[in-house]
Amino acid sequence: MRLTRALTALAVSATLALTAAALAGCGPDTGPRVVLKTAHSSAGTVVVDAAGRAVYLYSGDQQNAKSTSCDAACRASWPPVTTISTQPKGDGVDAAVGEIPAPDGGYQVTLDGWPLYYFDGDTTAGMIKGQGIGNVWWLLAPDGQKITAIGR
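**Quick word on the packing of aromatic side chains**
The final tally for this structure, using the stated rule, is five aromatic pairs. Consider the rings of Tyr 117 and Trp 137, whose centres lie 5.2 Å apart with planes at 90 degrees: the pair is edge-to-face. Linking Tyr 117 in strand β8 (residues 114–117) with Trp 137 in strand β9 (residues 137–140), this pair joins segments that are 20 residues apart in sequence. The residues Tyr 117 and Trp 137 share a single accessibility class, namely buried. Linked through ring pairs, Tyr 56, Tyr 58, Trp 78, Tyr 117, Phe 119 and Trp 137 together constitute an aromatic cluster.

Structural data, given as structure tokens:
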């Protein structure tokens, strides 16, 4: 009888410890809020990430969709712009900034309902080498509209 009570107490303690550990990550959203801003480029004023790296929309995606259509092979060259914040913001950006579930975890940042991506050929802030590639990858203006001027 004592052994049964001791095992039950141990099981309850273990369950409580596991529950507390699982809930520890469920606190307030502490992710960075400002994830987008604007910068001047040869293609005009464009939306960039907080570090100044250009972000792009993929015209193969559906605006306001709950997921991206950029598959794993696509993401190898066009990684998604991600955040851990469920309330991302933009500084100087007029269009709505939001998020959708990212394919590899976390959240993918959206602008005016368009999932955002980086181009792996843009290795530093200020580069816009991905602009117009395949006639499907476009920089965005602060109002969320795609920019079709090449500007490179």
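Past the structure itself, the notes keep going.
**Things to note about the state of the cysteines**
Per the stated rule, a full pass over the model turns up one disulfide. Residue Cys 70 pairs covalently with Cys 74 via a disulfide, S to S 1.9 Å. On the sign convention where negative means left-handed, the S-S torsion of about -100 degrees between Cys 70 and Cys 74 marks this disulfide as left-handed. Here Cys 70 falls in the buried class, since its relative accessible area comes to 2%.

**Topic: unusual backbone geometry**
In the Ramachandran plot, Asp 112 falls in the positive-phi region, its phi being about 50 degrees despite a non-glycine side chain. The residue Asp 112 is located in the loop between β7 (107–111) and β8 in this model. With a phi close to 60 degrees, Asn 135 is a non-glycine residue in the positive phi region. Note on Asn 135: relative accessible area 57%, which makes it exposed.

**Focus: the confidence of the model for the chain**
The share of residues in the chain with pLDDT of 70 or more is 78%, and the mean pLDDT across the chain is 84. Taken as a whole, residues 6–27 scores under 50 in pLDDT and shows zero contacts with residues more than four places along the chain or in a different chain.

**Observations regarding the environment of Thr 124**
Inspection of the secondary structure assignment puts Thr 124 in the loop between β8 and β9. On the basis of relative accessible area, Thr 124 is assigned to the partly exposed category, the value being 45%. Through-space distance from the C-alpha of Thr 124 to that of Ala 51 is 9.2 Å; in sequence the pair is 73 residues apart.

**A word on the sheet that holds strand β2 (residues 44–49)**
Ordered in space as β2-β1-β5, the three strands form an open sheet in which the pairing is mixed. With partners counted over all chains shown, the strands left at the sheet margins are β2 and β5 (89–91), one partner each. With direction set aside, neighbouring strand axes in the sheet form an average angle of 30 degrees. Bridge count for strand β1 (residues 34–41) against β2 is six bridges, and the pairing is antiparallel. Note on β2: the bridge partner recorded for Lys 37 is Val 48.

Criteria and cut-off values
- Residues numbered from 1 in each chain as written.
- Predicted model: local features only at pLDDT ≥ 70, side-chain atom pairs only at ≥ 80, totals over all residues.
- Heavy atoms only, no water.
- Phe/Tyr/Trp six-rings, centres within 6.5 Å; stacked < 30°, edge-to-face > 60°.
- Helix = DSSP H or I, 4+ residues; strand = E, 2+ residues; numbered from the N terminus.
- Buried < 20%, exposed > 50% of the residue type's maximum accessible area, 1.4 Å probe, protein only.
- Disulfide = S-S within 2.5 Å.
- pLDDT = per-residue confidence, 0-100.
- Contact = heavy atoms within 4.5 Å.
- Pairing = 2+ DSSP bridges.
- Axes fitted to C-alpha atoms, helices over the stretch in contact; angles between N-to-C directions.

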